[in-house]
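Take a look at the letters that make up each chain.
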Amino acid sequence: MAIGLLGKKLGMTHVYDEYGRRMAVTAVQAGPCTVLQVREPKTHGYQAVQVGFEPLLKEGRATKPAAGQFKKAQAGPFRYVREFRLDKGTAPANGAEAPQVGQQLTVSLFQKYELVDVAGISIGKGFQGGMKRWNWKGGKATHGSTSHRQPGSIGSTTTPGRVFRGHHLPGHMGLRRVTIQNVKIVRLDPEQNLILIAGSIPGPEHQLIEVHKSVKRPGIVKKPVAFQVVVEEDEVLNKNAKAAAGKTKAPTKK
């Protein structure tokens, strides 16, 4: 994982890019996040940055171990505390200094059109059947069939005589951690701590979201490209022929 921010999903809207194309985006209130602890390989065995997000209204709601940690960092208490584990020897991006305890991380950590990874808890859908959960095609709909959406027989008295582990069956759907990789940041609003991310992201509104730098494509910035109108050669010839015929056409007598 790479360093990032904690935020809340606000909802979806649309904006227009530099060429007037409408884009569906998701608004995320990202940060500011306070650095609570910097874990080092020599001391903790791994390298990570621990951040806190959304201050608690009442300090008494924090547990005693968490309160002691907040007091040591002289910050908080915070409702959410997460770690962004870094690769060993990872250097800060854009020539920035290494994060220090008490430092606030804002949306300035990212840049416009940068690719990022977004993680969140997907919307829970409760107990669902196999057709909704695993896109089964279902049974016959005619000829007296009474098994339209049921899974049917899954076992056997012959080989293998059992149900294979991991077989797709009805069960609880959603409410799992989902990560979408390499999504583009469309706009940044440092004053409002807002990030507009292209497309949809997992989770309901006001759900905690993690936005961190892309792991597979770090530092990649994808700027919008104008449309390239390609006209076939036959269409060009037809247009030129019609234009020439219109110019050489003799005027009609009244």
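Quick caveat: nothing in here was measured; it's all calculated off a predicted structure.

**Q** Is there a simple way to think about the overall build of the protein in this case?
**A** Broken down by element type, the protein carries 4 helices and 12 strands. Residue burial in the protein is summarised as follows: out of 254 residues, 31% are buried. A separation threshold of at least 6 residues defines the contact pool for the protein, and within that pool the share at least 24 residues apart is 74%. Total accessible area on the protein is roughly 17300 Å²; 52% of this is exposed by carbon and sulfur atoms.

**Q** Any chance you could explain the sheet that holds strand β4 (residues 47–55) here in plain terms?
**A** In a beta sheet, neighbouring strands pair by backbone hydrogen bonds and run either parallel or antiparallel. An order of β5-β4-β3-β6 is seen for the 4 strands of this open sheet, with the pairing classed as antiparallel. Strand pairing shows two members of the sheet lacking a second neighbour, β5 (78–86) and β6 (104–105), which therefore form its edges. By the bridge criterion, 5 bridges tie strand β3 (residues 33–39) to β4 in an arrangement that is antiparallel. Following the sheet pairing, Val38 is matched in β4 by Val49. Across the face of the sheet, helix α2 (residues 64–73) comes into contact with β3, β4 and β5 while running at roughly 95 degrees to β3.

**Q** I would appreciate a short explanation of the pattern of salt bridges in the present structure.
**A** Side-chain pairs of opposite charge can arise whenever the charged atoms involved come near each other. As enumerated under the stated definition, the model contains 6 salt bridges in all. For Arg79, the salt bridge goes to Glu54, with nearest N and O atoms at 3.4 Å. Of this pair, Arg79 sits in strand β5 while Glu54 sits in strand β4, and the two are 25 residues apart along the sequence. Arg79 sits in the partly exposed class, given a relative accessible area of 39%. Residues Arg177 and Glu210 are paired through a salt bridge, measuring 3.2 Å at the closest nitrogen-oxygen approach.

**Q** Looking at this structure, how should I read the side chain of Gln128?
**A** Positionally, Gln128 belongs in strand β8 (residues 126–128). A polar atom in the side chain of Gln128 sits 2.6 Å from the backbone oxygen of Lys125. Not counting residues within four places of it along the chain, the set of residues in contact with Gln128 comprises Pro170, Gly171 and Met173.

**Q** Sorry, what's going on with the packing of aromatic side chains here?
**A** The geometry of an aromatic ring pair is captured by two quantities: the separation of the ring centres and the angle between the planes. Per the counting criterion, the structure on display carries 2 aromatic pairs. With a centroid separation of 6.4 Å and 25 degrees between ring planes, the pair formed by Phe53 and Tyr80 is classed as stacked. Pair noted here: Phe53 is in strand β4 and Tyr80 is in strand β5, with a separation of 27 residues, a long-range link. For the residue pair Phe53 and Tyr80, the accessibility class agrees, reading buried in each case. When the ring of Phe70 is compared with that of Phe78, the centres are 5.9 Å apart and the planes differ by 80 degrees; the resulting orientation is edge-to-face. The exposure classification of Phe70 matches that of Phe78, with both residues buried. Seen from the ring of Tyr46, Arg85 lies directly overhead, with NZ or CZ sitting 4.0 Å from the centre.

**Q** Help me out: how do you make sense of the confidence of the model for the protein in this one?
**A** For any part of a model where pLDDT is low, the fine detail of the predicted coordinates should not be relied upon. Across the protein, pLDDT averages 85, with 86% of residues at or above 70. Within the protein, the element-level pLDDT minimum falls on helix α4 (residues 233–248), averaging 66, and the maximum on β8, averaging 96. When the criterion is pLDDT under 50, residues 91–95 qualifies, and its contacts beyond four places in sequence or with other chains add up to 5 contacts.

**Q** Sorry, what's going on with the nonpolar core here?
**A** One recurring pattern in soluble globular proteins: nonpolar side chains tend to sit buried together. Counting residues in hydrophobic clusters, the biggest one holds 27 residues, and the most contacted among them are Leu5, Leu6, Val51, Phe110, Val118, Ile197 and Val211. The contact partners of Val51, leaving out residues within four places of it in the chain, are Leu6, Cys33, Thr34, Val35, Leu36, Tyr80, Val81, Arg82, Phe84 and Leu105. One finds Ala62, Phe70, Ala75 and Phe78 within the second-largest nonpolar core, a separate group that totals 7 residues.

**Q** In this structure, what is going on with the environment of Thr34? I would like to understand it.
**A** Tracing the chain through its elements places Thr34 in strand β3. A sequence separation of 72 residues divides Thr34 from Thr106, and the C-alpha atoms of the two residues are 9.0 Å apart. Those residues in contact with Thr34, other than ones at most four positions away along the chain, are Gln50, Val51, Gly52, Ala75, Phe78, Gly102, Gln103 and Gln104.

**Q** What exactly am I supposed to notice about the sheet that holds strand β11 (residues 194–198) here?
**A** Taken in spatial order, the 6 strands of this closed barrel run β1-β2-β11-β10-β7-β12, and their pairing is antiparallel. Each strand axis lies, on average, 50 degrees off the axis of its neighbour in the sheet, ignoring direction. Relative to strand β10 (residues 177–189), strand β7 (residues 115–121) runs antiparallel, the two sharing 6 bridges. Paired with Val116 across the two strands is Val183, which belongs to β10.

**Q** Help me out: how do you make sense of the side chain of Asp117 in this one?
**A** Looking at the secondary structure, you find Asp117 in strand β7. Here Asp117 occupies a buried position and makes no salt bridge, while the nearest side chain of opposite charge, Lys216, is found at 8.1 Å. Within polar-contact distance, the side chain of Asp117 engages the backbone nitrogen of Asn182 at 3.0 Å. Those residues in contact with Asp117, other than ones at most four positions away along the chain, are Thr179, Ile180, Gln181, Asn182, Glu210, Val211, His212, Lys213, Ser214 and Val215.

Calculation criteria
- All residue numbers here refer to positions counted from 1 along the written sequence of the relevant chain.
- A pLDDT threshold of at least 70 governs which residues receive local features in this predicted model, and a stricter bar of 80 or more applies before side-chain atom pairs are shown or counted, although totals over entire chains, interfaces and linings include all residues.
- Note that water and hydrogens are dropped before the side-chain values are worked out from all heavy atoms of the structure.
- Going along the chain from the N terminus, every DSSP run of H or I of four or more residues is numbered as a helix, and every run of E of two or more is numbered as a strand.
- The rule is simple: take the accessible area with a 1.4 Å probe, protein chains only, and divide by the maximum for that residue type; under 20% is buried, over 50% is exposed, in between is partly exposed.
- In this description, contact between two residues means that some pair of their heavy atoms is separated by no more than 4.5 Å.
- Reported accessibility uses the Shrake-Rupley method at a 1.4 Å probe radius. Residues are deemed covered only where the shown protein chains occlude them.
- Two strands qualify as a pair provided that DSSP identifies no fewer than 2 bridges between them.
- To get an axis, fit a line to the C-alpha atoms, keeping to the stretch in contact for a helix; angles then go from 0 to 180 degrees between the N-to-C directions.
- We define a salt bridge as a contact between a side-chain nitrogen of Lys or Arg and a carboxyl oxygen of Asp or Glu at a distance within 4 Å.
- Side-chain atoms alone can form a polar contact between residues adjacent in sequence; in general such a contact is a pair of N or O atoms within 3.5 Å, and within protein one must be able to donate a hydrogen while the other accepts it.
- Side-chain rings of Phe, Tyr and Trp (the six-membered ring for Trp) are treated as a pair once their centres are within 6.5 Å; stacked means planes under 30 degrees apart, edge-to-face means over 60, and tilted covers the remaining angles.
- We call a charge positioned above a ring when the Lys NZ or Arg CZ atom is no farther than 6 Å from the ring centre and deviates by at most 35 degrees from the ring normal.
- As a per-residue measure, pLDDT reflects the predictor's confidence and takes values from 0 up to 100.
- Among buried residues, the Ala, Val, Leu, Ile, Met, Phe, Trp, Tyr and Cys ones that are joined through side-chain atoms within 4.5 Å form a nonpolar core.
- In this tally Asp and Glu are treated as negative and Lys and Arg as positive; neither His nor the chain ends contributes.

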